[in-house]
Amino acid sequence: EAGVVQSPRYKIIEKKQPVAFWCNPISGHNTLYWYRQNLGQGPELLIRYENEEAVDDSQLPKDRFSAERLKGVDSTLKIQPAELGDSAVYLCASSLVSGRSTGELFFGEGSRLTVL
Amino acid sequence: GDSVTQMEGPVTLSEEAFLTINCTYTATGYPSLFWYVQYPGEGLQLLLKATKADDKGSNKGFEATYRKETTSFHLEKGSVQVSDSAVYFCALTPTGNQFYFGTGTSLTVIP
């Protein structure tokens, strides 16, 4: 079974440029998460989707970040314009949540963004 | 709110040494608890989990016991190997779809 796939693995851009990250979750997983991981820190949630609906985007900086999950499968996270402080690893994770489950998370390898 | 606190790193051990990484949590209700591991250049992967009080999660020689009375979920391994060098994250979920992670503890095992 294929795991969570993310691309690109690495991206270097200059500040004020746009950037997009793509995530393909594990087949059948209804819940998709985007996390940001700063150096030496744990993952911090940006947005959570249940199917195609964004059910928790309270931590997403909506002035510059946007995300979509078309047809409840793949998802794209966009930053426009990027700032120096956006340098981080962007992690996508998915899980199968039904009822009140323990909901194990499966992570992709992450997309490392460097903003110069 | 819900949160996880884990011991500061980095931790450096010699091969075959005993490992403990402390994790305590704050949560309402009865969360599920997890340890995730992140090897260099990779994403996080589940190491072990426990879903109720007194449960013991175990995998690859690692163990952690869900202690409700002390709100703890400490990670232990009796004899670490060089290949265990990684960053370890304690996490909880109160609902099954919201997750809270600790800041991570970096472990380096030297031969």
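The structure this text deals with has already been given above.
One structure accompanies this document, and this report is about it. (Residues numbered from 1 in each chain as written. Chains lettered and ligands numbered in written order. Predicted model: local features only at pLDDT ≥ 70, side-chain atom pairs only at ≥ 80, totals over all residues. Heavy atoms only, no water.)

Points about the overall build of chain B
Within chain B, the secondary structure is distributed over zero helices and twelve strands. From first element to last, N terminus to C terminus, chain B shows the α and β order β-β-β-β-β-β-β-β-β-β-β-β. Taken over C-alpha atoms, the radius of gyration comes to 13 Å for chain B, in line with the 13 Å a tight globule of 111 residues would show. Based on the C-alpha atoms only, the size of chain B along its principal axes is roughly 45 × 25 × 20 Å. Restricting to contacts in chain B with at least 6 residues of sequence separation, those with at least 24 account for 54%. Carbon and sulfur atoms make up 48% of the accessible area of chain B, which amounts to about 5000 Å² in all. Looking at chain B, you have 7 positive and 11 negative side-chain charges, and the mean spots of the two groups are 8 Å apart. (Helix = DSSP H or I, 4+ residues; strand = E, 2+ residues; numbered from the N terminus. Rg over C-alpha atoms; globule rule 2.2 N^0.38 Å. Contact = heavy atoms within 4.5 Å. Areas by Shrake-Rupley, 256 points an atom, 1.4 Å probe, with all protein chains shown as cover. Lys, Arg positive; Asp, Glu negative; His and termini not counted. Charge placed at Lys NZ, Arg CZ, Asp CG, Glu CD.)

Details of the packing of aromatic side chains
Going through the model one piece at a time under the given rule, you end up with 13 aromatic pairs over all chains. Consider the rings of tyrosine 35 of chain A and phenylalanine 107 of chain A, whose centres lie 5.9 Å apart with planes at 45 degrees: the pair is tilted. In this pair, tyrosine 35 of chain A is assigned in strand S4 (residues 31-37) and phenylalanine 107 of chain A in strand S10 (residues 106-107), connecting sequence segments 72 residues apart. Taken individually, tyrosine 35 of chain A and phenylalanine 107 of chain A each receive the classification buried, so the pair is uniform in this respect. Here the aromatic rings of phenylalanine 34 of chain B and tyrosine 36 of chain B are separated by 6.0 Å at their centres, their planes lie at 35 degrees, and the arrangement is tilted. Residue class for tyrosine 36 of chain B comes out buried when judged on its relative accessible area of 0%. Among the aromatic residues, ring-to-ring pairing joins Tyr33, Tyr35 and Phe107 of chain A together with Phe34, Tyr36, Phe99 and Phe101 of chain B into one connected group. (Phe/Tyr/Trp six-rings, centres within 6.5 Å; stacked < 30°, edge-to-face > 60°. Buried < 20%, exposed > 50% of the residue type's maximum accessible area, 1.4 Å probe, protein only.)

Concerning the pattern of salt bridges
Scanning all chains against the criterion turns up nine salt bridges over all chains. Here lysine 62 of chain A ties to aspartate 57 of chain A by a salt bridge, and the two come within 3.8 Å at their closest N and O atoms. A salt bridge links aspartate 55 of chain B to lysine 52 of chain B; its shortest N-O distance comes to 3.3 Å. On the basis of relative accessibility, which here comes to 51%, the residue lysine 52 of chain B falls in the exposed class. Each of Arg36, Arg64, Glu83 and Asp86 of chain A takes part in salt bridges that share partners, so that together they form one network. (Salt bridge = Lys/Arg side-chain N within 4 Å of Asp/Glu carboxyl O.)

Digging into the nonpolar core
Judged by nonpolar contacts, the single largest core of 26 residues is most densely connected at Trp35, Leu47, Leu48, Phe73, Leu75 and Tyr88 of chain B. Sorting the residues of this core by element identifies strand S2 (11-14), strand S3 (19-21), strand S4 (23-26), strand S5 (32-38), strand S6 (44-50), strand S8 (62-65), strand S10 (86-93) and strand S12 (105-110) of chain B as the ones contributing at least two each. Counting residues per element, this core draws most heavily on S10 of chain B, which supplies four residues. Ranked by size, the runner-up nonpolar core spans 21 residues in total, among them Ile13, Leu32, Leu60 and Tyr90 of chain A. (Core = buried A, V, L, I, M, F, W, Y, C linked by side-chain atoms within 4.5 Å.)

Some remarks on the interface of chain B and chain A
Across the contact, 23 residues belong to chain B and 22 residues belong to chain A. Summing the contributions of chain B and of chain A, the shared interface buries around 1700 Å²; its carbon and sulfur component is 49%. The interface formed by chain B and chain A includes zero salt bridges. For the interface between chain B and chain A, the tally reads six residue pairs in polar contact (both at pLDDT 80 or more). (Buried area = accessible area lost by both parts, 1.4 Å probe. Polar contact = N/O pair within 3.5 Å; in protein donor to acceptor, adjacent residues only side chain to side chain.)

What to know about the sheet that holds S3 of chain B
Residues and elements named next belong to chain B. As summarised here, the arrangement of the four strands in space is S3-S9-S8-S7, forming an open sheet in which the pairing is antiparallel. The strands lining the two open edges of the sheet, one partner per strand, are S3 and strand S7 (56-59). If you compare each strand with its neighbour and ignore which way they point, the axes differ by 15 degrees on average. Here three bridges tie S3 to strand S9 (residues 75-77), and the two strands are oriented antiparallel to one another. Counted as the bridge partner of isoleucine 21 is leucine 75 from S9. (Pairing = 2+ DSSP bridges. Axes fitted to C-alpha atoms, helices over the stretch in contact; angles between N-to-C directions.)

Description of the state of the cysteines
One pass over the full model with this rule turns up two disulfides over all chains. Shown here is the disulfide that connects cysteine 23 of chain A with cysteine 92 of chain A, its sulfur atoms set 1.9 Å apart. Across the S-S bond linking cysteine 23 of chain A and cysteine 92 of chain A, the dihedral sits near -70 degrees, which makes this disulfide left-handed. In this pair, cysteine 23 of chain A is assigned in strand S3 (residues 19-24) and cysteine 92 of chain A in strand S9 (residues 88-95), connecting sequence segments 69 residues apart. Pair check on accessibility: cysteine 23 of chain A and cysteine 92 of chain A agree, each one buried. Through a disulfide, cysteine 23 of chain B is tied to cysteine 90 of chain B; the S-S separation comes to 1.9 Å. Taking the torsion about the S-S bond as the criterion, the cysteine 23 of chain B to cysteine 90 of chain B disulfide, at about -70 degrees, is left-handed. (Disulfide = S-S within 2.5 Å.)

Let's talk about the pairing of strand S7 (residues 65-68) of chain A
Regular strands place their side chains on alternate faces of the sheet. All names here are of chain A. Across four bridges, S7 lies against strand S8 (residues 75-79) in antiparallel orientation. The partner of phenylalanine 65 across the bridge, within S8, is isoleucine 79. Connecting S7 to the antiparallel partner S8 that follows it, the hairpin turn spans six residues, and lysine 71 within it adopts a positive phi of roughly 60 degrees.

As far as function goes, none of this settles anything; it's purely spatial.
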